[in-house]
Amino acid sequence: MDRIDFIKAKRIVIKIGTNVLRSDEGNISLPRIYSFIEDIANLVKSGKEVIVITSGAVSMGKKRLGLDDTKGTALKQACAAIGQCKLMSVYENGFDTYGLTAAQILLTEDDFSIRERYLSLRTTFNKLLELGVIPIINQNDTVSILEITPRYIYENMQVCFSDNDKLSALVASELDADLLIILSDIDGLYSANPKTNPQAQLIKEVQEVDENILALASGASEGGRGGMETKLQAAQMVTGYGAKMLIANGKLPYIIKRIFAGEDLGTMFLPSDKNLSEKKRWIGYATNITGRITVNDGAKNALLHEEKSLLPIGILSVENTFHKGDVVSILDESNQEFARGIVNYDSESCKKVVGQHSDNIFQILGFKNYDAIITRDNITIL
């Protein structure tokens, strides 16, 4: 895609990573933050809507307290509480210089996973943008421990996000953004890890985030929580609903200005033609998952290729506890997740009708809500 066509966007989400905000000495680089603020202010004044996802609260709190490390969840949360105030004051004062208003929004997983809160948040975001306000978003590390200690996870739960890369993709999806820009400390996606392979080549354009592209990911960057893997997962989500994404090096001077001047920087991820609806996006990516339903090959084929509902006769097993209306993971016989959906029955009822014909549901349960465990309109193929 032509670079000028790629950057044509009305609503833009910009994610700024921890390592981008830090100087070579490990301190928060105020000149770099102010350069971002200047570039973003110019975008807003040109008529674009910009949402900022920012890291850096824990690092600023650590610096303010004079700490060498932040071992332990409680200490990280304390640093986040202190650092978030300082971080937000920088953005607020910076945008005020340009006559613009910033709004702080701190989010947890439940703000997305609970649909009523998700829809309420969407309304609030849209009103802020309508008022010309720049939302400044971060995960609420003071109350949520799933990002700052990602190994801590509720038993059997898959959370909708545990880092700001995925958070930025969820925000972009929720707000129907045209473009997500992830500013990292790397120039983009490479054919191999450039830190260990001098022959690695920068990939300028990605048509589809498939298994081959996902295989190029490496681990988390030093000081950050994500890495290329989470960025590619974000790209998969954003391009899946028909938007574009760019990974670029946020340490390059005036990177945002240069991107929108059409410079050939970073890796472009092109939109797919799936164009998932808002509800399908929420089912597939914005919910915390506890339940798991494993289906046979016939049911998998019906879901993937025939757009059928999931009937009890195609189910092999049901795991964990869930309620009617929850979103569950759908796995194949190889234990690979390939879809998610909203269940019409709770876990105990589902377990009782595994492998049964729909005509037998009433006889077994004493009631019958639907013929299907999950109706096709409530299934998202991943």
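Preceding this section is the structure that the text describes.
Residues numbered from 1 in each chain as written. Predicted model: local features only at pLDDT ≥ 70, side-chain atom pairs only at ≥ 80, totals over all residues. Heavy atoms only, no water.

### Examining helix α3 (residues 30–45)
An α-helical turn contains 3.6 residues, so any two residues separated by three or four positions project in the same direction.
Phase 1 of the analysis: In this model α3 runs 22 Å from its N-terminal to its C-terminal C-alpha over 16 residues, within 8% of the 22 Å that 1.5 Å per residue would give.
Phase 2 of the analysis: Of all the positions in α3, only Arg-32, Ile-33, Ser-35, Phe-36, Ile-37, Asp-39, Ile-40, Ala-41, Leu-43 and Val-44 are classed as buried.
Phase 3 of the analysis: Just downstream of α3 lies Gly-47, where phi reads positive at about 105°. (Helix = DSSP H or I, 4+ residues; strand = E, 2+ residues; numbered from the N terminus. Expected span 1.5 Å × (residues − 1). Buried < 20%, exposed > 50% of the residue type's maximum accessible area, 1.4 Å probe, protein only.)

### Here we look at the nonpolar core
Phase 1 of the analysis: If you look at the biggest cluster of nonpolar residues, it comprises 46 residues, and the most contacted ones within it are Ile-137, Val-171, Met-245 and Phe-269.
Phase 2 of the analysis: Mapped onto this core, the elements with two or more residues apiece are β2 (49–54), β3 (102–107), α7 (115–130), α8 (164–174), β5 (179–184), α10 (228–240), β7 (244–249) and α12 (278–285).
Phase 3 of the analysis: If sequence neighbours within four positions are ignored, Met-245 has contacts with Phe-6, Leu-179, Leu-180, Ile-182, Lys-231, Ala-234, Ala-235, Val-238, Thr-267, Met-268 and Phe-269.
Phase 4 of the analysis: Listed in part, the 41 residues of the second largest apolar core include Val-44, Leu-87, Ile-134 and Met-268. (Core = buried A, V, L, I, M, F, W, Y, C linked by side-chain atoms within 4.5 Å. Contact = heavy atoms within 4.5 Å.)

### Focus: the sheet that holds strand β4 (residues 134–139)
Phase 1 of the analysis: Read from one edge of the open sheet, eight strands run β3-β4-β2-β1-β5-β7-β8-β6, paired in mixed fashion. The open sheet has two edge strands, β3 and β6 (205–206), and neither has a second partner.
Phase 2 of the analysis: Summarising the sheet, β6 and strand β8 (residues 267–269) pair through two bridges and their orientation is parallel. Bridge assignment links Val-206 to a residue of β8, and that residue is Phe-269.
Phase 3 of the analysis: Contacts between α10 and the sheet are confined to β1 (11–16), β5, β7 and β8, with β7 contributing the most and set at about 155° to the helix. (Pairing = 2+ DSSP bridges. Axes fitted to C-alpha atoms, helices over the stretch in contact; angles between N-to-C directions.)

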